[in-house]
Amino acid sequence: MLYENEFELLRETFKKSRVRIIAATPDSAVIDIMDDAIRSFFEKTFSANLSLQEAFGALKPRVLYRFRDSLMLFYILFVMPVGETKKTIVIGPYADKPFSTEKILEISERNGLAPQSQRAINEFFLSVPVVAESSALFLLLDAFCERLWHGGYEIVDIQGGAELFENVAGVSVGEKDIDDTFLDMKNMERRYMLENEIMDAVAMGSEHKMNQIFSNFADSSFEKRLADPIRNSKNYCIIMNTLLRKAAERGGVHPMYLDKISSKFAFAIEQLSTSEQVQHLMTDMFKSYCKLVRKHATRAYSPIVKNAVVAIESDPSAELNLRVLAKKLNVSNAYLSSVFKKETGKTVTEYIRERRLSYAVYLLKSTNLQIQTVALHCGLVDVQYFSKLFKQYTGKTPSEFRAEIKGQR
């Protein structure tokens, strides 16, 4: 296929934004290329035998067609030459702005969708990706079309929706029968797919990937099981907290750290009182678990080094040195020193010092403890020696560091 590499980049980019993109032939059935969660229930509108060419006519080259259907969902179609045949690229469905509950009800009524199916219909609409046409995604599409057609191209809006198919296929749009069970299955598959993507991102500690996913994730994405929206959101946050904990564990984080962070969020969840707070907490949960994986993941370490790292990080105030750790782990000093440096890139002494000083930074930022007390919590009895190490680590004495923090508040 001409411009195969460019098209593959386009497809992968749209896929990351959760927008479907399909290469179809003119005789492809419309029922197959439109989204399969709700379209398949409109058989009296979207005839299974109706081809893409019959529905939209002969699509011309150098034209990008933008189609908005009766469900207020957008599709983009354009012809891409492939040897002697042609393929039609179909992008969508997507929305240009989020659907409100009121708007979904209006669309449902206008299309004759049964009120008893409303919960499943709501979930379908809320799963549709929202992409503004001023976004970078469409700038990439614009660049692709310019390269495909060596210059400018025309944009044509196709009006109609269900009426367009009615005129072409000669079918009635009056009665619609929705199989709730099948639609529930499709919506559930979407939700589980999104949750699996979230878990994969957290397991890798990828905050960048997490942000991409979260841009398509909102309080409106929560499955509505209860009439009380806040209690419903709290319940979903509890589920997500559990999933993220499991993902971080899969990413190599020791249960000791997981218990602390999951307990913190379990308490925070019960304090929620508004939808806005829910969104902020979900964002915080995602980012915190990603950072936890990046900071404490030990999946690449051998059991000996993993246990040494956990022992160091679990209590910075404890007596920590190579001899003590080697004795605890029942190995020789030389063996622990060698394997620890090989796997972490640091000596045991360097690792202990960095852990203690990073903990000192945390205590000076978050508490009003005396500097001598901070030193003791970090396992350093000599406060002058502590101050010397701290200045080497941060460029400031503990007093200067704390004064600067207070000045920023």
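Q: So what's going on with unusual backbone geometry? Which residues, and what values?
A: For residues other than glycine, phi is negative in most cases, and the peptide bonds are mostly trans. Cis geometry is found at the peptide bond from Gly 92 to Pro 93, where omega equals 10 degrees. Relative to the assigned elements, Pro 93 resides in strand E4 (residues 85–94). With a phi close to 60 degrees, Arg 62 is a non-glycine residue in the positive phi region. Examined against the element boundaries, Arg 62 turns out to sit in the loop between helix H3 (52–56) and strand E2 (63–68). When its relative accessible area of 38% is taken as the criterion, Arg 62 is described as partly exposed. Phi at Met 72 is positive, roughly 65 degrees, even though this residue is not glycine. By the element assignment, Met 72 lies in the loop between E2 and strand E3 (74–82).

Q: Pulling in residues and values, what's your account of the confidence of the model for the protein chain?
A: Predicted confidence across the protein chain gives a mean pLDDT of 77, with 78% of residues reaching 70 or more. When pLDDT is averaged over each helix and strand of the protein chain, the minimum, 37, is found for helix H7 (residues 162–169) and the maximum, 94, for helix H18 (residues 383–394). Overall, residues 40–46 carries pLDDT values under 50, and its contacts beyond four positions in sequence, including any with other chains, amount to 23 contacts. Ignoring residues within four places in sequence, the model shows residues 161–178, a span with pLDDT below 50, making 44 contacts including any to other chains.

Q: Describe the pattern of salt bridges, with residues and values.
A: As a working rule, side chains carrying opposite charge can pair if their charged atoms are close by. Evaluation of the coordinates by the stated rule reveals six salt bridges. Glu 8 is the partner of Arg 11 in a salt bridge, and the nearest nitrogen-oxygen pair spans 3.4 Å. Note that Arg 11 and Glu 8 are positioned in helix H1 (residues 4–16) at a spacing of three residues, about one turn of the helix. Between Arg 323 and Glu 319 there is a salt bridge, with the nearest N and O atoms lying 3.7 Å from each other. Here Arg 323 falls in the partly exposed class, since its relative accessible area comes to 48%. On the basis of relative accessible area, Glu 319 is assigned to the exposed category, the value being 54%.

Calculation notes
Residues numbered from 1 in each chain as written. Predicted model: local features only at pLDDT ≥ 70, side-chain atom pairs only at ≥ 80, totals over all residues. Heavy atoms only, no water. Helix = DSSP H or I, 4+ residues; strand = E, 2+ residues; numbered from the N terminus. Buried < 20%, exposed > 50% of the residue type's maximum accessible area, 1.4 Å probe, protein only. pLDDT = per-residue confidence, 0-100. Contact = heavy atoms within 4.5 Å. Salt bridge = Lys/Arg side-chain N within 4 Å of Asp/Glu carboxyl O.

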